[in-house]
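The primary structure of each chain is shown beneath.
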Amino acid sequence: MTIVDSLIALMAVIGTLIVAFAVSVWLPGIERKFVHARIQQRIGPPLSSPGLMSPIKFFFKEIINPNSPMPGLYNALPFIGIIISVLLLLIIMPQMYFFATFASVIALVGLLKVEEILYMFMGSLSKSVLSINMPFPDVVKGAKHPNVPRSFFEELSSMRAFRLIALGSFPIYIAIFVPVAMAGSIFLSDIVAYQQLHGPVLFTIGGILGAIVFFVGFMILMNEYPFAILKTKADVIEGPLLEYASKYRAYVYISRGLLIFVLSSIFATLFLGLPPNLLSWTILINIIVALAFTIIMAIVSAFSPVFTYKQFFPVVAGVSVLGVLAIIASFL
Amino acid sequence: MDNDNKITDETRNEQEIETEVPMGTVHSAALEPYRIRLFVEDEIVRDAEMTIGVNHRGIERIMEGLPVEKANSLTEKICGICSNSHIWNSVLVAEKALEIEVPERALYIRIIMEELERLHSHMLYLAHGNEVLGHETFSMRLFYIRETVMELLRMIGGNRVQYGVPVIGGIRPRADLNEMRIQRLTEGMDFVEEKITDFAERFVADPMIMSRITGVGVISKEDALRLSATGPTLRATGVAVDLRRDMKEYDPFEFDVITQDDGDVKSNLLMRVLEIPESIKIIRQAIKALPEGPITNRSWEMQDVTITKSYIEVPRGKLYHSYSLDEGRVRNVIVRTPSITNIGAMEHACIGNHITDAQLAIVQCDPCFTCTDRAIQIIQL
């Protein structure tokens, strides 16, 4: 590889990252303006508001220290989330495939796990004023169970994040291994090359099943309704994100938009054989997949109530079984 | 058996309960300020304690000594959702005490207002229930349907919230119904009926929603009676009690008392869905048979009377007002709203459910705490 080639590759990587950021700031707006608001027969927010203008607004807001034992670490977590999303995007870019071990599904799974663990840390590192106690004595004479230790919303969320890591995120990891089973390799370069030779994984029985499972896993990872057990309005409100304010909340918004783009690009890479690459027209497919994921996710969430464990775990178990069938089908 | 080892209800509860999760007084699932302490074990609610009282306004104290007309007007401020119910019941107290004959046309228009209020209250309830369920789309659509009823209330009363229609002896002149208003009422009822039927069909056909609300927040008939539940909360357990059956104002109208059997969130939601067509039926009958004639009887004289009581059936259940009159001024005012008697049912409904369903179990009883938080009584111990 010459220096010129290296420079072109570097520019392509940076350009792809810029495209990813540029697209991701519009995705929340599309979700809320074009899907939720249209379905709910209301005007909705301006297109640029949820993903672009809101983060800008939050950057200029007064910094409020969270009620946390380690406010520095707590505030850093959304930014770490952005870094993880960027790393995930870097892994799947074809220019990075020469880092053989790094550009494999094992690395993908590892980074996605770190992304999930962030919510656990967020939950255990904050105690919102909404949940802990009142500014006056609220356990009075005659009150029930006066000596029971108190929990708080974030702690509940943290425990739920742990359950998600243990079980809830099965579908997406099973789905990731469908292309692996077909290509017979854990390396992304091999998976992409396999699909260039044999056609996209998506157009096989195993691929179709795997795509469905991947999408459910995507919604679980995004904590979107009906799988939003980490941030349910009925109990934990925003859960681990409740205490974020000012620029740290801006990072939360940016992180979410970017994660939508990154996960849909992972899907395009694994199931269509089209990694995000600014040097190829196929970057348009990545953008279209990101739009499609956003729109389908918004439609599903608009027509779903939030699940409790009673609905959540059977659905996860059912989808995981479907994922196993997809892997078996891909071996066949 | 050794008495020391005897497990009482209290000790058993203490053994089971691991954690307390306090919610409120500000919470996204609560429309109004209240505090609930949920005692949970692995996210399952084992006990609950609800506290209200943060929105005290002392309206009864303010009403004390006011001229009866002004005091009646003030009762509208008790509740933003059932303001007409409060002023109507307060006016009924005065009319009962002073033996005032109300013109028939005014009675019919009062019924129309009350049923319109029931419609918008039930739709608000359903919208809020769906919001807590996490189904924003249904919630928004219900608000969209409710908007028609709000506009009809504004057309008759001049306001979207406090209409001030009943006055002692009849109704306010601006609330009289002319041809144009009757036409709009008729069209509005057709629209609401069509849309709510469409909503109901979609609602019961949605397996995800049914899975979330069936068997959640169950209150048995016996528990509902023991805990003094009232209104739709009681009827959802299978007890066919509707005070409208006993009110002479409702004698000319045919309607069914809706009941459900299970006492869970599904029964409560369906109760309100099925009560909406009944209210529309009453409004249509009232429009069709609206008598001609005066709308106010002004030939009455003020006199001193002892404490007089009045009960009416409002959207949430039984509403009580009482006061005495002394030289035209009200004394000894007492108001009891349905939510205060439903608090026991709300706490009970939470028990045994997942913590996410606890707010839903409370919402199923249609709490309205701003109208419940009015008066406090300080007892010197």
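Source: prediction; values computed, not measured.

**Points about the overall build of chain B**
- Scanning chain B from N- to C-terminus turns up 14 helices and eight strands.
- Since a compact globule built from 381 residues should have a radius of gyration of about 21 Å, the 22 Å found for chain B is in line with a globular shape.
- Judged by the C-alpha coordinates and their principal axes, chain B covers about 75 × 55 × 35 Å.
- The buried share among the 381 residues of chain B stands at 51%.
- The contacts of chain B with a sequence gap of at least 6 include a subset with a gap of at least 24, amounting to 69%.

**Focus on the overall build of chain A**
- The helix and strand inventory of chain A stands at twelve helices and zero strands.
- Counting only C-alpha atoms, chain A reaches 75 × 45 × 45 Å along its principal axes.
- Burial status across chain A gives 53% buried among its 332 residues.
- Look at the contacts in chain A between residues 6 or more apart in sequence, and 80% of them connect residues 24 or more apart.

**Re helix H12 (residues 338-350) of chain B**
All names here are of chain B.
- For H12, spanning 13 residues, the distance from its first C-alpha to its last is 19 Å, which sits close to the expected 18 Å at 1.5 Å a residue.
- The largest bend in H12 amounts to roughly 35 degrees and is located at glycine 344.
- H12 sits mainly inside the fold: twelve of its 13 residues count as buried.
- Along H12, the residues that are buried comprise Pro338, Ser339, Ile340, Thr341, Asn342, Ile343, Ala345, Met346, Glu347, His348, Ala349 and Cys350.

**A short note on the confidence of the model for chain A**
- With 98% of its residues at a pLDDT of at least 70, chain A reaches an overall mean of 91.
- The weakest mean pLDDT in chain A belongs to helix H6 (residues 153-168) of chain A at 87; the strongest belongs to helix H11 (residues 283-302) of chain A at 96.

**Focus: the interface of chain A and chain B**
- Opposite the 32 residues of chain A that make contact, chain B presents 35 residues.
- The dominant element in the side of chain A that touches chain B, judged by the number of residues it contributes, is helix H12 (residues 309-331) of chain A, at three residues.
- A class-by-class count of the residues in the side of chain A that touches chain B yields 15 nonpolar, ten polar and seven charged.

**Quick look at the pairing of strand S8 (residues 329-336) of chain B**
All names here are of chain B.
- When strand S7 (residues 317-326) meets S8, the two strands line up antiparallel, connected through six bridges. Note that in S8 the partner of leucine 325 across the bridge is valine 330.
- Between the end of S7 and the start of S8, which pair antiparallel, lie two residues, with glutamate 327 showing a positive phi angle near 55 degrees.

**Let's talk about unusual backbone geometry**
- Along the chain, A:Tyr225 connects to A:Pro226 via a cis peptide bond; the corresponding omega equals 10 degrees.
- One can find A:Pro226 in the loop between helix H9 (205-221) and helix H10 (246-272).
- With an omega dihedral of 15 degrees, the bond running from B:Gly24 to B:Thr25 counts as a cis peptide bond.
- Among the secondary structure elements, B:Thr25 is positioned in the loop between strand S1 (19-23) and strand S2 (35-41).
- Positive phi values are uncommon outside glycine, yet A:Gln41 reaches one of about 55 degrees.

**Examining the confidence of the model for chain B**
Residue and element names in this part refer to chain B.
- The predicted model of chain B has a mean per-residue pLDDT of 90, with 94% of residues at 70 or higher.
- For residues 1-8, every residue scores under 50 in pLDDT, and the model assigns this stretch two contacts once sequence neighbours within four places are set aside.
- For this predicted complex, the interface confidence score (ipTM) comes to 0.90, while the overall pTM stands at 0.92.

**Thoughts on the nonpolar core**
- Judged by nonpolar contacts, the single largest core of 212 residues is most densely connected at B:Leu38, B:Ile109 and B:Ile362.
- For B:Ile362, the contacting residues outside a window of four places in its chain are B:Ile36, B:Met346, B:Ala349, B:Cys350 and B:Pro367.

**Some remarks on the sheet that holds S7(B)**
Residue and element names in this part refer to chain B.
- Pairing in this open sheet of three strands is antiparallel, and the strands run S6-S7-S8 from one edge to the other. Two strands close off the open sheet at either side, each with one partner strand: strand S6 (305-314) and S8. Adjacent strand axes in the sheet meet at a mean angle of 15 degrees, parallel and antiparallel pairs treated alike.
- Contacts from H12 reach S6, S7 and S8 within the one sheet, and its direction differs from that of S7 by about 140 degrees.

**Points about the sheet that holds S2(B)**
Residue and element names in this part refer to chain B.
- Taken in spatial order, the three strands of this open sheet run S1-S2-S3, and their pairing is antiparallel. Looking at the sheet topology across the chains shown, the edges are occupied by S1 and strand S3 (44-51). This sheet shows a mean twist of 20 degrees between the axes of neighbouring strands, independent of strand direction.
- Sheet topology places S1 next to S2; five bridges connect them, and they run antiparallel. Bridged to valine 21 within S2 is leucine 38.
- Its contacts with the sheet place H12 against S2 and S3, and it is angled at close to 160 degrees to S3.

**Observations concerning the packing of H9(A) against H12(A)**
Residue and element names in this part refer to chain A.
- In contact at an axis separation of 8 Å, H9 and H12 are set at 150 degrees when each is read in the N-to-C sense. Comparing their axes, H12 and H9 come out roughly antiparallel. Taken as a pair, H9 and H12 cross one another with a handedness that is left-handed. Where H9 approaches H12, its residues Ile205, Gly206, Leu209, Gly210, Ile212, Val213 and Val216 are matched on the opposing element by Val319, Leu322, Gly323, Leu325, Ala326, Ile327, Ala329 and Ser330.
- Residue composition of the contact of H9 with H12, grouped by class: eleven nonpolar, four polar and no charged.

**Focus: the environment of B:Arg244**
Residue and element names in this part refer to chain B.
- Note on placement: arginine 244 falls in the loop between helix H10 (232-235) and helix H11 (265-288).
- We classify arginine 244 as buried; it has 20 C-beta atoms within 10 Å.
- Between the alpha carbons of arginine 244 and valine 314 there is a distance of 8.8 Å; along the sequence they are 70 residues apart.
- Residue contacts for arginine 244: discarding those within four places in its chain leaves Tyr250 and Glu313.

**Regarding the packing of helix H7 (residues 170-183) of chain A against H9(A)**
Residue and element names in this part refer to chain A.
- At their nearest, the axes of H7 and H9 sit 7 Å apart, and the two run at 150 degrees to each other. The angle between the axes of H7 and H9 places the two elements in the roughly antiparallel class. Handedness of the H7/H9 crossing: left-handed. Contact with H7, carried on its side by Pro171, Ile172, Ile174, Ala175, Val178 and Met182, involves Gly206, Gly207, Gly210, Val213, Phe214, Val216, Gly217, Phe218, Ile220 and Leu221 of H9 and no other residues of that element.
- Residues that form the contact of H7 with H9 fall into these classes: twelve nonpolar, four polar and no charged.

Cut-offs and rules
- Residues numbered from 1 in each chain as written.
- Chains lettered and ligands numbered in written order.
- Predicted model: local features only at pLDDT ≥ 70, side-chain atom pairs only at ≥ 80, totals over all residues.
- Helix = DSSP H or I, 4+ residues; strand = E, 2+ residues; numbered from the N terminus.
- Rg over C-alpha atoms; globule rule 2.2 N^0.38 Å.
- Buried ≥ 20, exposed ≤ 12 C-beta atoms within 10 Å, placed from the backbone.
- Contact = placed C-beta atoms within 7 Å.
- Expected span 1.5 Å × (residues − 1).
- Bend = angle between axes of the 7 residues up to and from the residue.
- pLDDT = per-residue confidence, 0-100.
- Nonpolar A, V, L, I, M, F, W, Y, C, P; charged D, E, K, R; others polar.
- Pairing = 2+ DSSP bridges.
- Core = buried A, V, L, I, M, F, W, Y, C linked by C-beta atoms within 7 Å.
- Axes fitted to C-alpha atoms, helices over the stretch in contact; angles between N-to-C directions.
- Parallel < 35°, antiparallel > 145°, perpendicular 65-115°, else oblique.
- Left-handed = near helix turned anticlockwise from the far one by under 90°.

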